[in-house]
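Listed below are the residues making up each chain.
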Amino acid sequence: MIEKEIIDKIKKKFEVEGSVQRERRVIVKIAPDKLVELCEFIKDLGFEHLSSLSVTDWPKRGIYELTYHAWSYKDKILITIKTGINRDKPEIDSVYAVWGESAQIHEREMHELFGVEYKGNPDLSPLFLEEWHEKPPFRKDFDWREYVRKNFYDKENERERVYFEEV
Amino acid sequence: MELEAIGKNEYELFFGPAHPGSGNFSVKLKIDGERIVSARADPGYLHRGFEKLMEYRLPIQNAVLSDRICILEALAWNLIHAEAVEELMGIEVPERAKYIRVIMAELSRIQSHLIWYGVLSIGTGFDTGFKLAFGYRDFILDLFELITGGRVYPAGYICPGGVRRDLPESAKERIPKVLDKIEKMIDFVRAENPANIARLKGVGVLKLDDAIRLGATGPVIRASGLKTDVRKDEPYEVYDRFDFEIPVRKEGDAYARYQICIEEMEQSAKIIRQALKDLPDGDFIDERFSKLKLNMKIPEGEVYVRNEVARGEAGIYMVSDGGTKPYRVKIRGPSFLHLIPVLEFLLKDAQIADVPAIYWSLNGCPADMDR
């Protein structure tokens, strides 16, 4: 089973928690300071295509869970690398050097929507949002309903009053 | 288009968002004479924040929302959303539903590739191609209306658990008739057109190493010489039961991408015919979903689902904390990579007259880029 072999190869070099989720899906958890090293290692194993990169906000645990999904064209397996960082001071090394521009653009998006600082990423300028001064909008503690009420509705307007009533 | 002088021969030129056909998207080009010095994509005109909106809604509502991720292939995004929810809940979809899903997804692919052919034609000055493609696309939209009730937006026809309504009896006869018409049209557009070759050949060459580094997928990377398709690499639904080819080209230019577009339509038609022939009887939706329940819990867990949509690789990463709504949804749209890093790379050092050919040969959709 190729999924097991990949986990064993990674475990020989790194201190990780690894599991096979199902056929063609491998999940690996690692400490944030070893992340880039692991990414370089798995890219050499054949995971050339960074399919996606994502952040999950867990306010109760106080962490941002970063996930990196990489696909191997050779073995036809998707690996998910997970790591956790402090959500109040979200900083992590960029994987731009590993996967190139495809990583750069995903990181730029996550920087905008979650406020994660990717150290080493050459361009983290705003992507979708224009003149945004609030906290990053995809954080769990950003209440978009409140934001919309404040910015787009008028309490005095008879037709829009309904949006301010408690449900 | 807006012109602003920077230096003596250098200009900044805006391609979009008001350019007819660029979609809700723009590229800022820095131009020296006729040559493009640098290009910078400017997305965000269609950002609706689906990932956040889905956190506040039940899967049954999100199925309707997922139509809008990409306007031009709503059914394909319906399918991938439904698959993510099903995998989290551990639901096996009835056989009949799987076949109907494949038929709809492939019809959606043909329809989307017709748009691709149409806008590429009009972008390079071949007006007839545009009219032809959009005219024939309407036959498929008629089928969508018959089967789902909506011509462009199926309103969550492919929902978690199966499909919302059974395939009507008349659809079984009408689908092959429409495919016959479309195959005739493909034969027509296949004919080598000297003007087309002159405008597309050797333009916007993407080498394989660059394609992988820039995150290209789907038809774009296949035109650069990598034989990869999620339907074959990681078969979902019942794709492993059908016999079809993956068209591949080595050149990596706009003409190669155009040829892939034409050939993929033929392959999709082949899949639909096989699926219609083998269509089994039985339920079309899982019984747990056939009656709407609002308090259905999604078990704790996470999934990453990949699908091959017309534009390339689509992905949904869904996390659940055990509630009725998904905790986090991350949507990976193929155009996000194609229209930002790939387009910026290809436009650098290109000629200004080649911009439309490069832009439309990538088959981008601003809607699934911005989400």
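Residues numbered from 1 in each chain as written. Chains lettered and ligands numbered in written order. Predicted model: local features only at pLDDT ≥ 70, side-chain atom pairs only at ≥ 80, totals over all residues.

**Observations regarding the overall build of chain A**
- Check the secondary structure of chain A and you find five helices and seven strands.
- Seen in sequence order, chain A has helices and strands lined up from the N terminus as α-β-β-α-β-β-β-β-α-α-β-α.
- Each of the three principal axes of chain A carries a C-alpha extent, and together these read 65 × 35 × 25 Å.
- For chain A, the share of sequence-separated contacts (at least 6 apart) that also reach a separation of at least 24 residues comes to 49%. (Helix = DSSP H or I, 4+ residues; strand = E, 2+ residues; numbered from the N terminus. Contact = placed C-beta atoms within 7 Å.)

**Regarding the interface of chain A and chain B**
- Contact residues are listed per partner, giving 25 residues for chain A and 26 residues for chain B.
- It is strand β3 (residues 49–58) of chain A that contributes the most residues to the side of chain A that touches chain B, six residues altogether.
- Considering only residue class, the side of chain A that touches chain B consists of ten nonpolar, ten polar and five charged. (Nonpolar A, V, L, I, M, F, W, Y, C, P; charged D, E, K, R; others polar.)

**A word on the nonpolar core**
- Judged by nonpolar contacts, the single largest core of 148 residues is most densely connected at Ile79(A), Ala76(B), Val342(B), Leu343(B) and Leu347(B).
- In terms of residue count, the dominant contributor to this core is helix α4 (residues 95–123) of chain B (15 residues).
- With residues up to four places along the chain from it excluded, the contact list for Ala76(B) reads Ala105(B), Ser108(B), Asn307(B), Val309(B), Ala310(B) and Ala314(B). (Core = buried A, V, L, I, M, F, W, Y, C linked by C-beta atoms within 7 Å. Buried ≥ 20, exposed ≤ 12 C-beta atoms within 10 Å, placed from the backbone.)

**Some points on unusual backbone geometry**
All names here are of chain B.
- Despite not being glycine, glutamate 237 shows a phi value in the positive range, around 45°.
- Turning to its location among the elements, glutamate 237 is positioned in the loop between α10 (230–233) and α11 (254–278).
- Even without a glycine there, the phi angle at asparagine 363 is positive, about 55°.
- Its place among the elements puts asparagine 363 in the loop between α14 (355–361) and α15 (366–370).

**Quick look at the sheet that holds β3(A)**
Residues and elements named next belong to chain A.
- Pairing within the open sheet is mixed, and its five strands lie in the order β1-β2-β5-β4-β3. In this open sheet, the two strands that pair with only one neighbour each are β1 (17–22) and β3. Neighbour-to-neighbour, the strand axes of this sheet turn through a mean angle of 20°, independent of strand direction.
- As defined by bridge partners, β3 adjoins strand β4 (residues 63–72) across nine bridges and the pair is classed as antiparallel. Within β4, the position partnered with serine 54 by the bridge is threonine 67.
- Of the strands in this sheet, β1, β2 (25–29) and β5 (77–86) are in contact with helix α1 (residues 2–13), which crosses β1 at around 170°.
- Helix-sheet contacts for helix α2 (residues 35–45) involve β4 and β5, and the interaxial angle to β5 is about 175°. (Pairing = 2+ DSSP bridges. Axes fitted to C-alpha atoms, helices over the stretch in contact; angles between N-to-C directions.)

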